[in-house]
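In case you want the letters, here they are:
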Amino acid sequence: MALDINDSYVNSADVQIALDKIQAYVSKKGRTLIGLTGGPGSGKSTLADYLLNHFTKQQNTQIICLSMDGFHLSKAQLKALPNSEKAFARRGAPWTFDSASFIERVEKIKQGYQKDDILWPSFDHALGDPIEDDLSIRKETKVIIVEGLYLLHQQDGWQNAQNLFDEHWFLDIPMNVSIQRLAQRHMKAWDFSHEQAMDRIHQSDGLNAELVATYKDQADWLLRV
């Protein structure tokens, strides 16, 4: 869910530092991969969109922001699992993503600078499924930001993801703020009451948020907005 970008967000000191860091990487030789991690509802996609829009307005096409959401297991794949009922209930947990395909694709991006355009999947929230090869990363793109929950996760097949990135940023937002954002998201998307939204969060998103919070100390930079 995109959040309103108000003046306090735009004028955030850490957002300005992020812009400066990206500009410095654009000026360097080679390609830089930045992992942007944070819990559910922390605002990762909003921040990524803002950073991309900033450089797009400057007609700087050497940066792209991607999401790991396209590597969700499809509903058909979840249904085929022996614990399919639990998989649907816990969709969004680290083991409900195709971590192997994610790592393989990021490796291609890392190696493809000035060699190959690389395709990347998106996620259709209306359908509830990934769309394979929906996005293209041009071979000359210098800065790649990938946002997602489990870029620093060390289990469930994610163990090798961390080493693929040159720098890891962690969007450090208070848990209670993220939870309330999630509740508002669920109420809007599914017409839930606040009580229904909180029940859903306690069953799945809240567990994921607690897990992601344990990665904070592994990040290179705690970004606070």
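A.B. asks: Before we move on, can you summarise the environment of Glu147 with the specific residues and values?
C.D. replies: Mapped onto the elements of the fold, Glu147 is located in strand β5 (residues 143-148). Of the residues examined, Glu147 reaches a relative accessible area of 9% and is grouped as buried. In this structure, the C-alpha to C-alpha distance between Glu147 and Ile131, residues 16 residues apart in sequence, is 17 Å. Apart from the residues within four sequence positions on either side, Glu147 is in contact with Leu36, Lys44, Ser45, Ala48, Leu66, Ser67 and Met68. At a separation of 3.4 Å, a polar atom in the side chain of Glu147 contacts the side chain of Ser67.

A.B. asks: Let's hear about the sheet that holds strand β1 (residues 32-37): which residues, and what values?
C.D. replies: Strand order in the open sheet made by the five strands is β2-β5-β1-β6-β7, with parallel pairing throughout. Pairing within the sheet leaves two strands with one partner each, and these edge strands are β2 (63-67) and β7 (221-223). When the angles between neighbouring strand axes are averaged without regard to direction, this sheet yields 25°. Here β2 pairs with β5 via five bridges, running parallel. When the bridges of β5 are listed, Ile64 appears paired with Ile144. Packing against the sheet, helix α6 (residues 99-111) makes contact with β1, β2 and β5, and its axis sits at approximately 145° to β1.

A.B. asks: Quick rundown of α6? Include the residues and the values.
C.D. replies: In this model, α6 (13 residues) spans 18 Å end to end at C-alpha, consistent with the 18 Å of a helix rising 1.5 Å per residue. Residues Ser99, Phe102, Ile103, Arg105, Val106 and Ile109 constitute the buried set of α6. For α6, the arc enclosing every buried residue in end-on projection is 165°, short of the 170-degree limit, so these residues lie on one face. Of the exposed residues in α6, the ones pointing more than 90 degrees away from its buried face are Ala100 and Gln111. Considering only its buried residues, α6 is in contact with β1, β2, β3 (118-124), β4 (129-137) and β5.

A.B. asks: Lay out the packing of aromatic side chains in plain terms, naming residues and giving numbers.
C.D. replies: A complete count under the given rule lists nine aromatic pairs for this structure. A centroid spacing of 5.3 Å and a plane angle of 90° characterise the contact between Phe71 and Phe102, whose relative ring orientation is edge-to-face. Of this pair, Phe71 sits in the loop between β2 and α4 (75-80) while Phe102 sits in helix α6, and the two are 31 residues apart along the sequence. Judged by relative accessible area, Phe102 falls into the buried class, the value being 0%. Residues Phe102 and Trp158 carry aromatic rings whose centres are separated by 5.3 Å and whose planes lie at 55° to one another, so their mutual orientation is tilted. Of the two residues, Phe102 sits in helix α6 while Trp158 sits in the loop between β5 and β6 (167-171), which places them 56 residues apart along the sequence. The residues Phe102 and Trp158 share a single accessibility class, namely buried. Across from the ring centre of Trp221, 5.2 Å away, lies the NZ or CZ of Lys21, which sits over that ring.

A.B. asks: Tell me about helix α3 (residues 44-57), residues and numbers included.
C.D. replies: The first and last C-alpha atoms of α3 sit 20 Å apart over 14 residues, in line with the 20 Å expected at 1.5 Å per residue. Residues of α3 that are buried: Lys44, Thr46, Leu47, Ala48, Tyr50, Leu51 and Phe55. Gln59 lies just past α3 and shows a positive phi near 55°.

A.B. asks: Got a sec to walk through the packing of helix α2 (residues 13-27) against α3? Specific residues and values, please.
C.D. replies: The contact between α2 and α3 brings their axes to 11 Å, and the two run at 55°. Looking at the two axes, α2 sits oblique to α3. Between α2 and α3 lies a crossing of right-handed hand. Taking contact as the criterion, the partners of Val15, Ala18, Leu19, Ile22 and Gln23 in α2 are, on α3, Leu47, Tyr50, Leu51, His54 and Phe55.

Rules used throughout
- Numbering of residues starts from 1 in every chain and runs along the sequence as written.
- Only residues with pLDDT of at least 70 are given local features in this predicted model, and only at 80 or more are side-chain atom pairs given and counted; all residues enter the totals for whole chains, interfaces and linings.
- Excluding hydrogens and water, the side-chain values take into account all heavy atoms of the structure.
- The numbering of helices and of strands both runs from the N terminus, where a helix is a DSSP run of H or I of at least 4 residues and a strand a run of E of at least 2.
- A 1.4 Å probe rolled over the protein chains alone gives each residue an accessible area, and that area as a share of the maximum for its type sets the label: buried under 20%, exposed over 50%, partly exposed in between.
- Whether two residues touch is decided by their heavy atoms; if any such pair falls within 4.5 Å, the residues are in contact.
- Pairs of N or O atoms are called polar contacts if they sit within 3.5 Å, as long as, within protein, a hydrogen donor faces a hydrogen acceptor (for residues adjacent in sequence, only side-chain-to-side-chain pairs).
- A pair of strands counts as paired when DSSP detects no fewer than two bridges linking them.
- A fitted line through C-alpha atoms represents every axis, and for helices the fit uses only the stretch in contact; the resulting angles, taken between N-to-C directions, go from 0 to 180 degrees.
- Working rule for helices: expected span equals 1.5 Å times residues minus one.
- The reported arc concerns the directions from the helix axis to the C-beta atoms and nothing else.
- Within 6.5 Å between ring centres, the rings of Phe, Tyr and Trp (the latter by its six-membered ring) count as paired, and their orientation is classed by plane angle as stacked under 30 degrees, edge-to-face over 60, tilted in between.
- For a ring to carry a charge above it, either NZ of a lysine or CZ of an arginine must fall within 6 Å of the ring centroid while also lying within 35 degrees of the normal to the ring plane.
- These descriptions rest on fixed angle ranges, namely under 35 degrees for roughly parallel, over 145 for roughly antiparallel, 65 to 115 for roughly perpendicular, and the rest for oblique.
- Left-handed describes a crossing whose near helix is turned anticlockwise from the far helix by less than a right angle; the clockwise case is right-handed.

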